[in-house]
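So you can see what is in the structure, the chains are spelled out below.
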Amino acid sequence: MTTTPSVRPPLPPFTRETAIEKVRLAEDGWNSRDAAKVALAYTLDTQWRNRAEFVKGREQAQQFLERKWNKELEYRLIKELWAFSENRIAVRYAYESRDDSGNWFRAYGNENWEFGPDGLMINRFASINDLPIKESERLFRWPLGRRPDDHPGLSELGL
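Now for a description of the structure that goes with this document. Think of each chain on its own: its residues are numbered from 1, step by step along the sequence as written. The model is predicted, so local features are restricted to residues of pLDDT at least 70 and side-chain atom pairs to those at 80 or more, both for listing and for counting; the totals for chains, interfaces and linings are taken over all residues. By convention in this description, side-chain values take in all heavy atoms of the structure and omit both hydrogens and water.

**Considering the packing of aromatic side chains**
Aromatic pairing here means that ring centres of Phe, Tyr or Trp (its six-membered ring) are within 6.5 Å. Orientation follows from the plane angle: under 30 degrees is stacked, over 60 is edge-to-face, and everything else is tilted. Applying the stated criterion across every chain yields a total of ten aromatic pairs. Between the aromatic rings of Trp30 and Trp48, the centroid separation amounts to 6.1 Å while the plane-to-plane angle is 25 degrees, which identifies the pairing as stacked. Of this pair, Trp30 sits in helix α1 (residues 16–32) while Trp48 sits in strand β1 (residues 42–50), placing them 18 residues apart in sequence. The pair formed by Trp30 and Trp48 is uniform in burial state, with each residue classed as buried. Each ring, one from Trp113 and one from Phe115, has its centre 6.0 Å from the other, and the planes form 90 degrees; the classification is edge-to-face. Across the pair, Phe115 and Trp113 agree in class, each one buried. Taken together, the ring pairs connect Trp30, Tyr42, Trp48, Phe64, Trp69, Tyr75, Tyr93 and Tyr95 into an aromatic cluster. Think of it as a cone above the ring: NZ of Lys or CZ of Arg counts as a charge over the ring if it is within 6 Å of the ring centre and within 35 degrees of the ring normal. When the ring centre of Tyr93 is taken as origin, the NZ or CZ atom of Lys79, which lies over that ring, is 4.6 Å away. Lying over the aromatic face of Trp104, Arg138 brings its terminal NZ or CZ to 4.0 Å of the ring centre. Each helix corresponds to a stretch of at least 4 residues labelled H or I by DSSP, and each strand to a stretch of at least 2 residues labelled E; elements are numbered beginning at the N terminus. Buried, partly exposed and exposed residues are distinguished by accessible area as a fraction of the type maximum, computed with a 1.4 Å probe on protein chains only: under 20%, between the cut-offs, and over 50%, respectively.

Set out below in structure tokens:
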């Protein structure tokens, strides 16, 4: 069993700068597609709503992410801060992936996050819509992994 870090900076209460940093760290983690590592950002009793799926606990979150990234191939994600308060952050995001038949999709979503004082995410509520796209319509073409700092974000891409 993997041990939990006692704190996961940046910590609430968030400023605009620390909320942007938290969003980028989440984006980087999800772009790694390392479910075990990503799951450590969530409390042991985290609760998620992801589309129509309800996840309870870090172990289920890790299992969810493993299934997700086994199905959504060549996954690339961009997140952008929408709003924040003391211990909550709202983001909008888009990601592109393909299925095992070579069909490409762009998913558009919004998430609401709530954090504990240790910086671990307690709640994650996601609403997501999928749009089939052609390979030629892809906008996220960096090598798999972290989005390069000079790659445009959602607003710059007009998404």
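**Concerning the nonpolar core**
Counting residues in hydrophobic clusters, the biggest one holds 28 residues, and the most contacted among them are Trp30, Trp48, Leu65, Ile89 and Trp113. Mapped onto this core, the elements with two or more residues apiece are α1, α2 (35–39), β1, α3 (58–71), β3 (73–84), β4 (88–98), β5 (104–115) and β6 (121–133). Core analysis: the second largest hydrophobic core is formed by five residues, Ile78, Ala94, Phe140 and Leu154 among them. Definition of nonpolar core: a set of buried residues of the types Ala, Val, Leu, Ile, Met, Phe, Trp, Tyr and Cys, connected through side-chain atoms within 4.5 Å.

**Section: the pattern of salt bridges**
Salt bridge criterion: a side-chain nitrogen from Lys or Arg within 4 Å of a carboxyl oxygen from Asp or Glu. Enumeration according to the criterion identifies 19 salt bridges in this entry. Across the pair Arg88 and Glu114 runs a salt bridge, and its minimum N-O distance is 3.8 Å. Taken together, the residues Arg88 in strand β4 and Glu114 in strand β5 connect sequence positions 26 residues apart. What makes Arg88 partly exposed here is its relative accessible area of 46%. Accessibility expressed as a relative area gives 22% for Glu114, which makes it partly exposed. Residue Glu96 pairs with Arg138 through a salt bridge whose shortest N-O separation is 4.0 Å. Taken together, the positions of Glu96 in strand β4 and Arg138 in the loop between β6 and α4 (154–157) put the pair 42 residues apart, joining distant regions of the chain. Take Glu96 and Arg138: they sit in the same class, and that class is buried. Here the salt bridges share partners, and the residues they tie into one network are Arg24, Glu27, Asp28, Arg146, Arg147 and Asp149.

That's the geometry; what it means functionally is another story.
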